[in-house]
Amino acid sequence: MYRITSLILLLLIAATSFAQVSEKKKITLEDIWRNGTFNPRTVSGLNPMNDGKHYASYYTNPSTRKTYLLQYNYATGAVTDTILRFEDLVFNGKMLQPQGYSFSADEKQIMIITDREAIYRRSSKENNFIYNRANKTISELSSNGKQLFATFSPDGKKVAFVRENDLFIKDLTSNTERKITNDGKWNFIINGGADWVYEEEFSFARAFFWSPDGKKIAYYKFNEANVKEFSMTMYDGLYPSEYKFKYPKAGEVNAIVSIHIHNLEMNTTKNVNIGSEKDQYIPRIQWTQDPNMLCVQRMNRHQNKLEYLIADANTGETRTLLTETSDTYIDINDDLTFLADKKSFIITSEKDGYQHVYHYDLNGKLINQITKGNWEVSRVYGIDEKNKTVYYQSTESSPLQRDVYAIGFNGKNKRKLNASAGTNNAVFTADYSFFINYHTAVGSPTYVSLHDNKGKMIRVLEDNTALKSKLTEYDLGTKEFLTIPTIGGVQLNAWMIKPSNFDPNKKYPVFMFVYGGPGSQTVTDSWGGANEFWYHMLAQQGYIVVSVDNRGTGARGAEFKKMTYLELGKYETIDQIEAGIWLANQSYVDANRIGIQGWSYGGYMSSLAITKGADVFKMAIAVAPVTHWKFYDTIYTERFLRTPQENKSGYEDNSPINFVNQLKGSYLIIHGTADDNVHFQNASEMVKALVNANKKFESAFYPDKNHGISGGNTRLQLYGLMTDFILRSL
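Residues numbered from 1 in each chain as written. Predicted model: local features only at pLDDT ≥ 70, side-chain atom pairs only at ≥ 80, totals over all residues. Heavy atoms only, no water.

Looking now at the overall build of the protein chain. For the protein chain, the helix and strand inventory stands at 12 helices and 45 strands. The globule rule puts the C-alpha radius of gyration for 730 residues at 27 Å, and the 28 Å found for the protein chain is close to it. Counting only C-alpha atoms and orienting by the principal axes, one finds that the protein chain spans roughly 100 × 65 × 65 Å. For the protein chain, the proportion of contacts with a sequence separation of at least 24, taken over those separated by at least 6, is 56%. For the protein chain, the accessible area works out to roughly 31,600 Å², and carbon and sulfur atoms hold 49% of it. For the protein chain, the distance from the average position of its 82 positive side-chain charges to the average position of its 79 negative side-chain charges is 3 Å. (Helix = DSSP H or I, 4+ residues; strand = E, 2+ residues; numbered from the N terminus. Rg over C-alpha atoms; globule rule 2.2 N^0.38 Å. Contact = heavy atoms within 4.5 Å. Areas by Shrake-Rupley, 256 points an atom, 1.4 Å probe, with all protein chains shown as cover. Lys, Arg positive; Asp, Glu negative; His and termini not counted. Charge placed at Lys NZ, Arg CZ, Asp CG, Glu CD.)

Written out as structure tokens, the structure is:
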């Protein structure tokens, strides 16, 4: 009897030990938002060198914690030079703390960025220092205040920058500073920098550009005098302060934009003739290979007509090179390249229904459409003129995939350069002999590898083996792709994360994540980042997590993307509601427990879903949502809706404020009070409407936080708040 009992006891101990060893870890919010448990390693600070054989990258010695900027050989990975030791960056007895760097064109000097202060999404001001590699000396760019957008001239002898809305030139040889403009004034005139709406919606902040020979500089001037101010209360002292900036809301007055060319040798400035119309946009300017020819892109306010103008830099006079029109709108990109032959240029356009590459001569005559097919060119990496080859990224394999390709100017000899399916992004060397590929896929963190221009892998730079091993320790559900049919016959791409112990005979609550804005995607074969581990954490709590790309999203052609024109929010909401209904009809879903959450445009969508789709969704969370498009900016909103004066129904019929009376489920609205992008006004007006309709809701606000609602413990607290709401409400 004793011997049998002992055997049973030993078996029980062994079974318990095995269970303890095999038990998977649960994800915590601290893992995601404080400890960085799932953050992949990458190759950072990488900068291809001019010779095409080397690149520069940061390296921190793990034992001494000293940081260096090193030069590496692409092919071997060997360190061939120590470009910079951070410990040598001492100015006036103080060691500098670099926050970024850039080389002069000849790579003999390095611009060191310090003391950066963020302004908006893409702009900041900082103190810049010039490091001379030959004599290892460091000098201050300017002692008269922080600078914005400091940029070397092509010959490296000068630096242009903006301070207090005026444009300056620093001569590094004579150590003199000269003011190019004199009328800069906060909230009135900006020289050489973009206003808020151009920075946000046309995606650039630096608004000056050196000519190829460095003898001229073209710049924007924004006259904001008649643009209305928006003010935000900043709770930064005993008495709160007001931050006021010019923000043109839909249908309101924009800044008047003009383009100017300053000749440094003659100290003269020419105005570029962009026409008599003041209510228009200049989304891009770019020098051609000829230092006397500037290309100016001119767009009407409806954003359905884009003209490429060629300006004579000496007279300012222009001629029209090319005109593109659309029945809806035209998206702006940076895919314009003027070739060294000074006879032609390459652009991308959606004019055949998909984003493709086109080759034109300098008279605007089409030479060839280089890429063709029912798929999109998502990015042009560069043009190898010597071998007449375009390197680009595309969705040819699938809208969920991104691959790297090469193709001849004649549209022939197309070849895919990456082997692994998923999301691939390349950084090419200056001579296009090598590229570094950054690959991710579902469940697969960043994998960085070096390839030759035929696609052959030379070596691995980072494989995140440690993170992959760590992932096996956690209780992670499976993420799978699927298509969800709509009543209208459209198949919507989606992904789904099920709990690891999923039982098809049980019924699960569903938590949907949405963004849904024009041209966006949440459904891609890529590493999901921090948010995805929050979804896995919810799956551990017994939820199925789903995201659906509705009509209006990207990578499926212009027709699919632009069909929401003039009715922003209508079809997107229909699709999310129909997706919710489809999920409710699945045998493993609890139809009474479907919730939805989104941020920014996604918050707008979740607010529409819980109101217009009140019978489908039990719960919604809206973070920093637009609640009425009349509160948002001109460029973005009017691109899709035109103005409120022209399209009243498009604005009113799809504002969640106007449908709060339909709310039945649990609703949480969250916003930062210092959101310069989607103003806190949106949340305030939504709350007013909810109160007037006598609807129950919950709200949270984050003082002095912008659209990203981050910093310190903010994200940890925010996601804890949302998690608690989901567990209580769904």
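On we go.
This next bit is on the packing of aromatic side chains. Within the structure shown, the criterion is met by 53 aromatic pairs. Taking the centre distance of 5.3 Å and the plane angle of 75° together, the rings of Y601 and Y604 count as edge-to-face. You can see Y601 and its partner Y604 sitting in helix α8 (residues 601-612), three residues apart, about one turn around the helix. The class of Y601 is buried, set by a relative accessible area of 2%. Aromatic rings pair up to connect Y329, Y515, Y565, Y601, Y604, W629, Y632, Y636 and F640 into one cluster. Across the ring face of F502, the terminal group of K498 is positioned such that the distance to the ring centre comes to 4.5 Å. For the cation-ring pair, K562 lies above Y329, with the distance from its terminal atom to the ring centre recorded as 4.9 Å. (Phe/Tyr/Trp six-rings, centres within 6.5 Å; stacked < 30°, edge-to-face > 60°. Buried < 20%, exposed > 50% of the residue type's maximum accessible area, 1.4 Å probe, protein only. Lys NZ or Arg CZ within 6 Å of the ring centre and 35° of its normal.)

At K388, a position not held by glycine, the phi torsion is positive, near 50°. Topologically, K388 is positioned in the loop between β30 (377-384) and β31 (389-394).

The next subject is helix α11 (residues 681-692). With 12 residues, α11 extends 16 Å from end C-alpha to end C-alpha; this agrees with the ideal 16 Å at 1.5 Å per step. On its buried face, α11 sits against α8 and β44 (666-672). (Expected span 1.5 Å × (residues − 1).)

Time to look at the sheet that holds strand β33 (residues 415-416). Taken in spatial order, the four strands make up an open sheet running β30-β31-β32-β33, and their pairing is antiparallel. Each edge of the open sheet is held by one strand with a lone partner, namely β30 and β33. In this structure, strand β32 (residues 403-408) lies alongside β33, joined through two bridges in antiparallel fashion. The residue bridging Y405 from the neighbouring strand is K416, located in β33. (Pairing = 2+ DSSP bridges.)

A few words now on the pairing of strand β7 (residues 100-103). Across four bridges, β7 lies against strand β8 (residues 109-118) in antiparallel orientation. The residue of β8 that forms the bridge with Y101 is I112. Taken together, β7 and the strand that follows it, β8, pair antiparallel across an intervening segment of five residues, in which E107 is found at a positive phi of about 65°.

Below, the discussion takes up the packing of helix α5 (residues 529-540) against helix α12 (residues 714-729). Taken N-terminus to C-terminus, the directions of α5 and α12 make an angle of 30°; their axes are 12 Å apart at the nearest point. With respect to α12, the element α5 is oriented roughly parallel. Our pair here, α5 against α12, has a crossing hand that is right-handed. Residue-level inspection shows N531, W534, M537 and L538 of α5 in contact with α12, the latter providing Y719, M722, T723 and I726. In terms of residue class, the contact of α5 with α12 is built from six nonpolar, two polar and no charged. (Axes fitted to C-alpha atoms, helices over the stretch in contact; angles between N-to-C directions. Parallel < 35°, antiparallel > 145°, perpendicular 65-115°, else oblique. Left-handed = near helix turned anticlockwise from the far one by under 90°. Nonpolar A, V, L, I, M, F, W, Y, C, P; charged D, E, K, R; others polar.)

In this model, the protein chain carries a mean pLDDT of 95, and residues with pLDDT of at least 70 account for 97%. Contacts from residues 1-21, a stretch scored under 50 in pLDDT, to residues over four places away or in other chains number zero contacts. (pLDDT = per-residue confidence, 0-100.)

Per the counting criterion, the structure on display carries 30 salt bridges. Of the charged contacts in the structure, one is a salt bridge between E126 and R116, with a shortest N-O distance of 3.4 Å. Here E126 is found in strand β9 (residues 124-132), whereas its partner R116 is found in strand β8, with 10 residues between them in sequence. Residue classification places R116 among the partly exposed residues on the basis of a relative accessible area of 38%. Taking the shortest distance from any N to any O, the salt bridge between R284 and D334 comes out at 2.6 Å. With R284 in strand β22 (residues 280-287) and D334 in the loop between β25 (318-325) and β26 (337-338), the pair connects residues that are 50 residues apart, well separated along the chain. The class of R284 is buried, set by a relative accessible area of 12%. One continuous salt-bridge network, built from bridges that share partners, spans D331, E350, K561 and K562. (Salt bridge = Lys/Arg side-chain N within 4 Å of Asp/Glu carboxyl O.)

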